[in-house]
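# Architecture at a glance
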Amino acid sequence: MNSFAHFKIWVLTLCMVFQSGHGFYLPGSYPHKHGIGDTLSVKVNSITSIETEIPFSYYSLPFCKPLEGVKDSAENLGEVLMGDRIENSPYKFKMYTNESDIFQCQTDPLSGENFKLLKKRIDEMYQVNLILDNLPAIRYAKKESYFLRWTGYPAGIKIQDAYYVFNHLKFTVLVHKYEEANVAHVMGTGEAAEVIPTIASGGSELPGYMVVGFEVVPCSVMHDAKSVKNLKPYEKYPSPVKCDPTTVAMPIKENEPIVFTYEVTFEESDVKWPSRWDAYLKMEGSKVHWFSILNSLMVITFLAGIVLVIFLRTVRRDLTRYEELDKEAQAQMNEELSGWKLVVGDVFRAPTNAGLLCVMVGDGVQLLGMAVVTVMFAALGFMSPASRGTLIIGMILFYMILGISAGYVAVRLWRTIGCGDKKGWVSVSWKVACFFPGIAFFILTTLNFLLWGSHSTGAIPFSLFVVLIFMWFCISVPLTLVGGFFGAKAPHIEYPVRTNQIPREIPAQKYPSWLLVFGAGTLPFGTLFIELFFIMSSIWMGRVYYVFGFLLIVFILLVVVCAEVSLVLTYMHLCVEDWKWWWKSFFASGSVAIYIFLYSVNYLIFELKSLSGPISEALFLGYSLLMALAIMFAMGSVGFLSSFWFVHYLFSSVKLD
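Residues numbered from 1 in each chain as written. Predicted model: local features only at pLDDT ≥ 70, side-chain atom pairs only at ≥ 80, totals over all residues. Heavy atoms only, no water.

Labelled according to an unreviewed UniProt entry, the protein appears under the name Transmembrane 9 superfamily member, originating from Populus tomentosa. Recorded in UniProt for the protein, the comment headed Sequence similarities (unreviewed entry) runs: "Belongs to the nonaspanin (TM9SF) (TC 9.A.2) family." (UniProt positions renumbered as here; feature names shortened; annotations may be inferred.)

Shown next as structure tokens:
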């Protein structure tokens, strides 16, 4: 199904959901109507752990395999990059048909290698992830007076020196009766389109149901291996199986098989199909998010006051006073100039490594645009957890398209610094297209070798590497060159004042200017650090993050703070006759990345205490470094462009020779 058809279906379904007045529809997942007795197939995803952050295939452990063989489900680029490996499973239900004591299989006797591997995965607290009708299995654990929600269930548990496996699963499937008014006649899933039959007006057709919940309770039950020798899958276990989640009874032993069973119960629920993801998306601490926003607003108000003082009291007062003087008085005043007016002949002097600055600003604009557009689409619900991998796909797609803006900004800035010279714009465009992607490719390739060595599903296959390189050089690079071409055709920005041939000596400063620059990053970090905790918890603690509305607000506030911080720092440097503001304006706001990386290290030490192994720590630090670099480029470009506008505006109002 093409994207336009998806869009039409989304609009149609969304209108019907709003018409019904119940719940909020998440694009990316469409309702299935199942008749009583219809087969429901459970799928399995990679097993995951917050102890190692390295996903592995479900069938890497000695679990039962489906009779028809293991088959991969259709996966998109985003799912593969996230380490998801969705496959079929031997769990099969019949809609609205309760079943108990279902024999699944008896594994082969555990070899020494499988025995050690299973014990290792239990020690590392690996969780088994199941999916039914696009809903992950959810497990509720009661702690004191409230319930904790977890997706998946542990593969086993260690008590003293014995290891126990959860070999019996008690499923509860929540269903809601099909209501024709709430869904369209023709729907589609992420895999195939399907016609949903409607209920006849006379009510002669049997009712249909939609899955709105999928819960699992794992149990460790002692089974008699001898009694199941002649049993076939899906037959009744010889004796009733009692599932008590508070006790464990099935220890794993080398050279002994494991018997797996399950039971399933269907319950009607009042939960509407559009609201079935609410149990997964409920994020605690909405008051904390609002506190983060109020905190950011306070920082912005403080900085805005300083900027207002600079513009109204200092700059405007000086300019008004200067314009009121006659020519002789102006000439006399030129001899008595002080502060920022003294660097008028040097303020637009080309910075050192001007080409690198243009490249970093161009890449920063591209990353900033990608972040804004992605978060906006996510806040509107287009990148929901119901459609796995769409967030990653959206980021890659928007990044490639915005290569046009990166090339345009970098080349136009290059021409402005070179006073209109078009020479070298192709080289600048190529560097923009390869600089940050090259850094990201190097980091991700290094981490991928570590995942390859661990045989993890998080490792990117070689074929996908080829696809990513193709997308880089056949889509992103040409678009960046197109943007550079338009940047070369566009008129360069004229400087309002002339630059002296001999650079002015910068007076000795009381404090190192770079110390002030890197310290300025604390203010943008102060607007972000509360929301950063929720983002880190989502990435590394397996929690679902879906408050993209809060994230969009915080991100906009962060951009405003970075612009204000850089503007204030630039003015302070000009006032002490330091005309080398170009790089300092970039790093004044870009230095927020240093504090984000330090926060990541702090999070690793204090929040991920259980993270074990050098590979897991290398993955964490590698991804954190890549995130920090992306933020440095994006926020640095915000700071530089706002400072450039400020300096140009300031000196365009002064007619000094």
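## What about the overall build of the protein?
Counting secondary structure elements, the protein contains 17 helices and 17 strands. Burial status across the protein gives 50% buried among its 657 residues. In the protein, of all internal contacts separated by at least 6 residues, the share reaching a separation of at least 24 is 83%. Of the roughly 31200 Å² of accessible surface on the protein, a fraction of 63% belongs to carbon and sulfur atoms. (Helix = DSSP H or I, 4+ residues; strand = E, 2+ residues; numbered from the N terminus. Buried < 20%, exposed > 50% of the residue type's maximum accessible area, 1.4 Å probe, protein only. Contact = heavy atoms within 4.5 Å. Areas by Shrake-Rupley, 256 points an atom, 1.4 Å probe, with all protein chains shown as cover.)

## Examining the nonpolar core
The biggest cluster of nonpolar side chains holds 146 residues, and the ones touching the most others in it are Phe93, Leu130, Phe171, Phe214 and Phe651. For this core, the leading source of residues is helix H17 (residues 614–652), giving 17 residues. Not counting residues up to four positions away in its chain, the partners in contact with Phe93 are Asp38, Thr39, Leu40, Val42, Glu99, Leu132, Phe171, Val173, Phe214, Tyr262, Val264 and Phe266. With 8 residues, the next largest nonpolar core counts Phe103, Val221, Val241 and Cys243 among its residues. (Core = buried A, V, L, I, M, F, W, Y, C linked by side-chain atoms within 4.5 Å.)

## Describing the state of the cysteines
If you walk through the whole model with that rule in mind, you get 2 disulfides. A sulfur-sulfur distance of 1.8 Å marks the disulfide that ties Cys219 to Cys243. Looking along the S-S bond of the Cys219-Cys243 disulfide, the torsion reads about 60°, which is the right-handed sense. Here Cys219, found in strand E16 (residues 208–219), pairs with Cys243, found in the loop between E16 and strand E17 (259–268); they are 24 residues apart in sequence, far enough to count as distant. Sequence-ordered numbering of the bonded cysteines in the protein gives a pairing of 1-2, 3-4. (Disulfide = S-S within 2.5 Å.)

## With respect to the sheet that holds strand E3 (residues 87–94)
Strand order in the open sheet formed by 4 strands is E3-E2-E6-E7, and the pairing between neighbours is antiparallel. Every interior strand has two partners, whereas the edge strands, E3 and strand E7 (135–136), have only one. Pairing analysis gives 2 bridges linking strand E6 (residues 130–132) to E7, with the strands arranged antiparallel. Of the residues in E7, the one forming a bridge with Leu132 is Leu135. (Pairing = 2+ DSSP bridges.)

## Looking at the packing of aromatic side chains
All chains considered together, the criterion is met by 47 aromatic pairs. Judged by centre distance (5.8 Å) and plane angle (70°), the rings of Phe485 and Phe486 are edge-to-face. Overall, the relative accessible area of 39% leaves Phe485 in the partly exposed class. Residue Phe486 is classed as partly exposed on the basis of its relative accessible area of 47%. (Phe/Tyr/Trp six-rings, centres within 6.5 Å; stacked < 30°, edge-to-face > 60°.)

## Some words on the environment of Leu135
As for its position among the elements, Leu135 is in strand E7. Taking relative accessible area as the criterion, Leu135 reaches 0% and is therefore assigned buried. With 79 residues separating them in the primary sequence, Leu135 and Phe214 have C-alpha atoms 6.6 Å apart. Dropping the residues within four chain positions of it, Leu135 is found in contact with Leu130, Val211, Val212, Gly213, Phe214, Arg276, Trp277 and Tyr280.

## Some details on the packing of helix H7 (residues 354–379) against helix H15 (residues 582–590)
Between H7 and H15, the shortest axis-to-axis distance is 11 Å and the interhelical angle comes to 30°. Of the possible angle classes, the one that applies to H7 and H15 is roughly parallel. Along this stretch, H7 crosses H15, giving a crossing that reads as left-handed. Here Leu356, Leu357, Met360 and Val361 of H7 lie close against H15, whose contacting residues are Trp582, Trp583 and Phe586. When grouped by side-chain class, the residues that make up the contact of H7 with H15 number 7 nonpolar, no polar and no charged. (Axes fitted to C-alpha atoms, helices over the stretch in contact; angles between N-to-C directions. Parallel < 35°, antiparallel > 145°, perpendicular 65-115°, else oblique. Left-handed = near helix turned anticlockwise from the far one by under 90°. Nonpolar A, V, L, I, M, F, W, Y, C, P; charged D, E, K, R; others polar.)

## Digging into a nonpolar patch on the surface
Together, Ile404, Val482, Phe485 and Phe486 make up an exposed nonpolar region whose accessible area comes to about 330 Å². For the nonpolar patch, the element with the most residues is helix H11 (residues 462–489), which contributes 3 residues. If you trace the backbone, Phe485 turns up in helix H11. (Patch = residues over 30% accessible without salt bridge, like charges linked within 9 Å, V, L, I, M, F, W, Y side chains within 5 Å. Salt bridge = Lys/Arg side-chain N within 4 Å of Asp/Glu carboxyl O.)

## Remarks on the pattern of salt bridges
Evaluated as defined, the whole model comprises 6 salt bridges. Taking the shortest distance from any N to any O, the salt bridge between Arg349 and Asp346 comes out at 2.6 Å. Each member of the pair, Arg349 together with Asp346, is buried. A salt bridge links Arg504 to Glu577, with the nearest nitrogen and oxygen atoms 3.3 Å apart. You can see Arg504 sitting in the loop between H11 and helix H12 (513–519) and its partner Glu577 sitting in the loop between helix H14 (548–575) and H15, a full 73 residues away along the chain.

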